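# Overview (structure and organization)
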Amino acid sequence: FIEGERKKKESYFFARNPKLAKEAKKKYGYKCQACGFVFSDKYGQFGKNYIECHHENPLSERPEDEWSNDVKTSINDVKVLCSNCHRMIHHKRPAITFEKLLEILK
């Protein structure tokens, strides 16, 4: 398999506010709200204070008429998830809901 060709790409993305993730982690902790995984339990010190922040209304899936530079998001609009659960939510487009992920995990 031949790989490694360098390609140039221009893309747009929605900037996340790191303060939101920090406050969500402070409120919810570092335990996945879906499956209960704790990175430090598995990875020790290396995994300490690691978890991902998931927007329940993904910015990337909002209609164009909602695009603006001042989208308001509350801590109540996000979940903290392990990488696997976060990836599974976004496995399909549109993303499945947090509640649907919990059903799948049962």
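Keep in mind it's a predicted model, so treat the numbers as computed, not measured. (Residues numbered from 1 in each chain as written. Predicted model: local features only at pLDDT ≥ 70, side-chain atom pairs only at ≥ 80, totals over all residues. Heavy atoms only, no water.)

## Some thoughts on the layout of surface pockets
So the rule is basically this: The distinction between a cavity and a pocket rests on a 1 Å grid over the protein atoms alone: a 1.4 Å probe fits inside a cavity but cannot get out, while a pocket stays open yet meets protein on both sides within 12 Å along at least five of seven lines, and a residue with an atom within 4 Å of a point counts as lining. Grid points are joined across faces, edges and corners, and a volume is the space filled by probe spheres set on the points. A helix here means a DSSP run of H or I that spans at least four residues, while a strand means a run of E at least two residues long, and both kinds are numbered starting from the N terminus. Classes in brief: Ala, Val, Leu, Ile, Met, Phe, Trp, Tyr, Cys and Pro nonpolar; Asp, Glu, Lys and Arg charged; the others, Gly included, polar.
A volume near 490 Å³ is recorded for the largest pocket. What lines the largest pocket is a set of 22 residues, among which A15, R16, N17, H55 and L59 lie closest to the centre. Secondary-structure elements contributing two or more residues to the lining of the largest pocket are helix 1 (18-28) and strand 1 (52-55). Taken together, the residues that form the lining of the largest pocket break down as nine nonpolar, nine polar and four charged.

## Some thoughts on the nonpolar core
Just so we agree on the cut-off: What is meant by a nonpolar core is a set of buried Ala, Val, Leu, Ile, Met, Phe, Trp, Tyr and Cys residues, joined one to another through side-chain atoms within 4.5 Å. Only protein chains enter the accessibility calculation, which uses a 1.4 Å probe. A residue is then buried if its area is under 20% of the maximum for its type, exposed if over 50%, and partly exposed in between. Any two residues whose heavy atoms approach within 4.5 Å at even a single point are treated as in contact.
Counting 16 residues, the largest nonpolar core has C32, A34, L81 and C85 as the members making the most contacts within it. Put simply, the parts of the chain that give this core at least two residues each are helix 1, strand 2 (78-81), helix 3 (83-89) and helix 4 (98-105). Counting residues per element, this core draws most heavily on strand 2, which supplies three residues. Contact partners of A34, with chain neighbours within four places excluded, come to L81, C85, F98, L101, L102 and L105.

## Quick look at the environment of F37
With respect to the secondary-structure elements, F37 resides in the loop between helix 1 and helix 2 (39-43). For F37 and K8, which are 29 residues apart along the polypeptide, the C-alpha to C-alpha distance reads 37 Å. Not counting the four nearest positions on each side in its chain, F37 is found in contact with Y30, K31, C32, K42, Y43 and C82.

## What about the side chain of H54?
Heads up, the condition is: Pairs of N or O atoms are called polar contacts if they sit within 3.5 Å, as long as, within protein, a hydrogen donor faces a hydrogen acceptor (for residues adjacent in sequence, only side-chain-to-side-chain pairs).
Within the secondary structure layout, H54 lies in strand 1. Residue classification places H54 among the buried residues on the basis of a relative accessible area of 2%. Here H90 takes part through its side chain, which lies 3.3 Å from a polar atom of the side chain of H54. H54 has contacts with D77, V78, K79, L81, H86, I89 and H90, leaving out every residue within four places of it along the chain.

## Here we look at the pattern of salt bridges
Cut-off, in case you're wondering: The working definition used for a salt bridge is a side-chain nitrogen of Lys or Arg within 4 Å of a carboxyl oxygen of Asp or Glu.
Here the structure, examined in full by the defined rule, presents four salt bridges. Residues E23 and K26 are paired through a salt bridge, measuring 3.4 Å at the closest nitrogen-oxygen approach. Placement of the pair is E23 and K26 together in helix 1, with a separation of three residues, close to one helical turn. Take E23: its relative accessible area is 33%, and that puts it in the partly exposed class. Classification of K26 by relative accessible area gives exposed; the value is 61%. Residues K100 and E103 are paired through a salt bridge, measuring 4.0 Å at the closest nitrogen-oxygen approach. Note that K100 and E103 are positioned in helix 4 at a spacing of three residues, about one turn of the helix. Accessibility expressed as a relative area gives 39% for K100, which makes it partly exposed.

Honestly, it's all geometry; don't read function into it.
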